[in-house]
Amino acid sequence: MMAVHLPYEHKYLRHKKKFPHVWCPGCGIGILMGSIIRAIIDLDWKKDDVVVSSGIGCTSRMPVYLDFNTLHTTHGRALAFSTGVKLANPTLKVITVMGDGDALAIGGNHIIHTARRNMDMTAIVVNNNNYGMTGGQFSPTTPEGARTSTTPYGMMEPNFDVCDLMSGAGATFVARGTVYHVMELDRIFKRAMEKKGFSVVEVLSPCPTSFGRANNQADPVDMMESLRDDTVTVKQATKMKQQDLEGKILRGIFRDVDVPEYLDRYEELCQRARERLEMNQ
Amino acid sequence: MIVPWGEEELVQGNEAIAMGAIASEIDLFAGYPITPSSEIAEILSRYLPALGKKWIQMEDEIASISAIIGGSLAGAKAMTATSGPGFSLMQEGLGYACMTEVPIVIVNVMRAGPSTGLPTQAAQGDVMQARWGTHGDHPVIAMVPCSVRECFDLTVRAFNLAECFRTPVLLLADEIVGHMRERIAFPGEDEVEIKCQPEPDVPIEWYEHYHPTASNVSPMARFGTGYRFHVTGLTHDAHGFPTRKVEEVMAKLGRLKHKITRRLDELEDVRLHGLEDSKVVIFAYGSVYRSALAAQQILAEEGMKVGVFRPVTIWPFPDVTAKKYLDDKEVVIVPELNQGQIIHEVERVTLDAVRIVPVQRIDGYQITPEQIVEQIGEVV
Ligand code: SF4
């Protein structure tokens, strides 16, 4: 089990400057922010070397609270900004946090191409099943039938499975955790961040204010209990019967493969370019 | 040697832009293919890796501009190149870069629109988009080259201005200038001045990413240098943290405006020909300026004196200089490859007594000297 670092987390927050934070009581985003910090501490990364970027939304407000190099970008584009950061200075450790709408709807094109390129960065997709900040409209991850402020008769469209999508697009490390299973989340984040290549972690997180209220789960405790009861680990699932797995969401690491990383390949390309141009001269 | 310093060569406008970027020590190019700008990306894809610099083709133009903003924040001199439809997509990032005061260079090789329009033909239809295309308002810097040599020179100047003003700078070429080939003399390497935004020298705990200074531009730290700072498109205070306090909001927006409007002399760049003793002036920019000069020549041979006023820096508009030289004229002819964009600026700054006459063309072809001569003949 991972060591507990509680007293140290504060050293990684801009606590004098930016608190209290914007998140609602019962929101899960703060919990996973703690997990991110603990993973960084465990990896012994220096604050100066870490860049945390984000798009727009509740999740994307996170960087301002963190004492790293922080970049709050435009809606959906965080990974494109991160790509530029990493290209400009490959020694930086780049972590991008996004909500589900940010990452998968407006940012859908960017996330699949970032996965395809396989640049050594980590993306954290906080899935709370809706657009929290703008008042609870449906997102690409809203479950069928769920009520949101723009699906008053229930969600009609099918939703994305973030992990399937990312595996298909070529991410080299794909995992899912929840803010209920926080020790497990610490470990998953650490594995994702130390992975050489593009890693994606989907984190299930409750949004009691916007999503919960519309779906008879206004109590944050109920939502946390659902995360406990409705999810099983990949390992547990192997021992379970098919009918018991019905309706369960899997947690854990789904993909962890070694593929040549973008910037390493780019170095080789530079070498080829140098040779070719010298030949022509 | 990739830039043929001090030599004469036959090069294309887009190629000269790529050479200008290399001369400016570009570290990162991110772009998306679009006619008629693609040669810039293609040429840079050939040379930047060999120089150990970064080149990437992104998934679209929004990603391209986002990547160069991220790159600039992490220490790269960064550029993208596009044309009208891509430029529209880049407005989001352009506004973000203005707000967050990130130096980048955006080349727009203008083609005829609206929409997909005439992709292989020239226009000057994005002049107002360059000025007002983003949401919210803020000043911008934009320059318009008229020749291959200027494609080189103004690209270098665009990088320098972006650094000195900590803001995006636009180069508005057009399809004619971008695709034309001219034999040009490249300057010597020592003749080209490369400017960089100074790094902060204050202790880390004192650093403010948007420190108020007399010039309204402050030294800029980059990610990874130990100065940890926050960047957001939300209206922010001197540290970069979001704010809604009226005095901080006004300070920020005031600085954004004044860093440009109070240094107009550094930005203004006009070419004036025979304005003193002429009652008629042709006000032209970009490739159309070449037709204006030819028209002036034709009329001179016929014994008529006509002046030519050309803004090289189109934004900010040279209000004071234009007024000074145009207010006592009878007629100002404004030829443009659009349905009337800069003509409104000329009208805005000149006295009502000055007659402003358009010559416009939107079929993708250049305005000819004869068209300008004919128009002058009709009105004078
Ligand atoms: S709206 Fe939902 S996601 Fe946003 S802060 Fe509140 S609970 Fe969290």
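This structure is a prediction, so every number in the text was calculated from the model and none was measured.

Draft legend 1. Inspection of the sheet that holds strand β13 (residues 306-311) of chain B at higher detail. Residue and element names in this part refer to chain B. Strand order in the open sheet formed by five strands is β11-β13-β12-β15-β16, with mixed pairing between adjacent strands. What marks the edges here is a single partner per strand, and that holds for β11 (270-273) and β16 (355-360). On average, adjacent strands in this sheet sit at an angle of 20° to one another, irrespective of strand direction. As paired strands, strand β15 (residues 331-336) and β16 are joined by six bridges and run parallel to one another. Looking across to β16, one finds that E336 is bridged to Q360. Across the sheet, helix α11 (residues 319-326) is in contact with β11, β12 (280-283), β13 and β15; its angle to β13 comes to roughly 175°.

Draft legend 2. Highlighting helix α4 (residues 78-88) of chain A. The element α4 of chain A is largely enclosed, with a buried count of 10 among its 11 residues. Three or more residues of α4 of chain A are buried, namely A78, L79, A80, F81, S82, T83, G84, V85, K86 and L87 of chain A.

Draft legend 3. Looking closely at the packing of aromatic side chains. Residue and element names in this part refer to chain B. Tallied over the full model, the rule gives 14 aromatic pairs over all chains. Between W5 and F152 the ring centres are 6.2 Å apart and the planes differ by 85°, which places this aromatic pair in the edge-to-face class. With W5 in the segment before β1 (8-12) and F152 in helix α6 (residues 148-165), this residue pair connects regions lying 147 residues apart in the sequence. Given a relative accessible area of 0%, F152 falls into the buried group. Each member of the aromatic cluster is reached from another via a ring pair, and the members are Y207, F223, Y227 and F229.

Draft legend 4. A look at the site of the ligand. The full set of residues close to the ligand is W23, C24, C27, C58, N128, G132, C207, P208, T209 and S210 of chain A. Residue composition of the shell around the ligand, grouped by class: six nonpolar, four polar and no charged.

Draft legend 5. How the structure looks around the sheet that holds strand β1 (residues 50-54) of chain A. Ordered by their spatial adjacency, nine strands build an open sheet running β9(A)-β10(A)-β7(A)-β8(A)-β4(A)-β3(A)-β1(A)-β2(A)-β10(B), and the pairing between neighbours is mixed. In this open sheet, the two strands that pair with only one neighbour each are β9 (231-233) of chain A together with β10 (230-232) of chain B. Here the average twist between neighbouring strands, direction ignored, is 20°. As defined by bridge partners, β9 of chain A adjoins strand β10 (residues 249-256) of chain A across three bridges and the pair is classed as parallel. Pairing of T231 of chain A across the sheet is with I249 of chain A, part of β10 of chain A. Strand contacts of helix α10 (residues 220-229) of chain A: β7 (173-178), β8 (199-204) and β9 of chain A, with the helix running at about 40° to β9 of chain A, the strand carrying the most contacts. Along the sheet, helix α4 (residues 84-100) of chain B contacts β2 (69-72) of chain A together with β10 of chain B; its crossing angle with β10 of chain B, the most-contacted strand, is approximately 135°.

Draft legend 6. Region of the structure containing the domain arrangement of chain B. Residues and elements named next belong to chain B. We note that the domain assignment places domain 1 (8-191) and domain 2 (270-379) within chain B. Taking only C-alpha atoms into account, the centre of domain 1 sits 26 Å from that of domain 2. Taken together, the contact between domain 1 and domain 2 spans 29 residues of the former and 24 residues of the latter. A buried area of about 2000 Å², summed over both sides, lies between domain 1 and domain 2, and 54% of it is on carbon and sulfur atoms.

Draft legend 7. Local environment of the packing of α11 of chain B against helix α12 (residues 342-349) of chain B. All names here are of chain B. Orientation of α11 relative to α12, taken along the N-to-C sense of each, is 70°, at an axis distance of 9 Å. Between α11 and α12, the crossing angle belongs to the class labelled roughly perpendicular. Crossing of α11 against α12: the hand is right-handed. Only V346, R348 and V349 of α12 make contact with α11, whose side of the interface consists of D319, A322, K323 and L326. Of the residues in the contact of α11 with α12, the class split is four nonpolar, no polar and three charged.

Draft legend 8. Inspection of the pattern of salt bridges at higher detail. By the definition in use, this model includes 34 salt bridges over all chains. Here R176 of chain A and E202 of chain A are joined by a salt bridge, their closest N and O atoms 2.7 Å apart. Here R176 of chain A, found in strand β7, pairs with E202 of chain A, found in strand β8; they are 26 residues apart in sequence, far enough to count as distant. There is no split in this pair, since R176 of chain A and E202 of chain A are both buried. With its nearest N and O atoms 3.1 Å apart, the salt bridge here joins K259 of chain B to E101 of chain B. Of this pair, K259 of chain B sits in helix α8 (residues 246-261) while E101 of chain B sits in the loop between α4 and β5 (104-112), and the two are 158 residues apart along the sequence. With relative accessibility at 1%, the residue K259 of chain B sits in the buried group. The exposure class assigned to E101 of chain B is buried, which follows from its relative accessible area of 1%. Linked through salt bridges whose partners overlap, the residues forming this network are K47, D48 and D67 of chain A together with R228 of chain B.

Each value, and the rule that gives it
- Residues numbered from 1 in each chain as written.
- Chains lettered and ligands numbered in written order.
- Predicted model: local features only at pLDDT ≥ 70, side-chain atom pairs only at ≥ 80, totals over all residues.
- Heavy atoms only, no water.
- Pairing = 2+ DSSP bridges.
- Helix = DSSP H or I, 4+ residues; strand = E, 2+ residues; numbered from the N terminus.
- Axes fitted to C-alpha atoms, helices over the stretch in contact; angles between N-to-C directions.
- Contact = heavy atoms within 4.5 Å.
- Buried < 20%, exposed > 50% of the residue type's maximum accessible area, 1.4 Å probe, protein only.
- Phe/Tyr/Trp six-rings, centres within 6.5 Å; stacked < 30°, edge-to-face > 60°.
- Near = heavy atom within 4 Å.
- Nonpolar A, V, L, I, M, F, W, Y, C, P; charged D, E, K, R; others polar.
- Domains from an automatic or database assignment.
- Buried area = accessible area lost by both parts, 1.4 Å probe.
- Parallel < 35°, antiparallel > 145°, perpendicular 65-115°, else oblique.
- Left-handed = near helix turned anticlockwise from the far one by under 90°.
- Salt bridge = Lys/Arg side-chain N within 4 Å of Asp/Glu carboxyl O.

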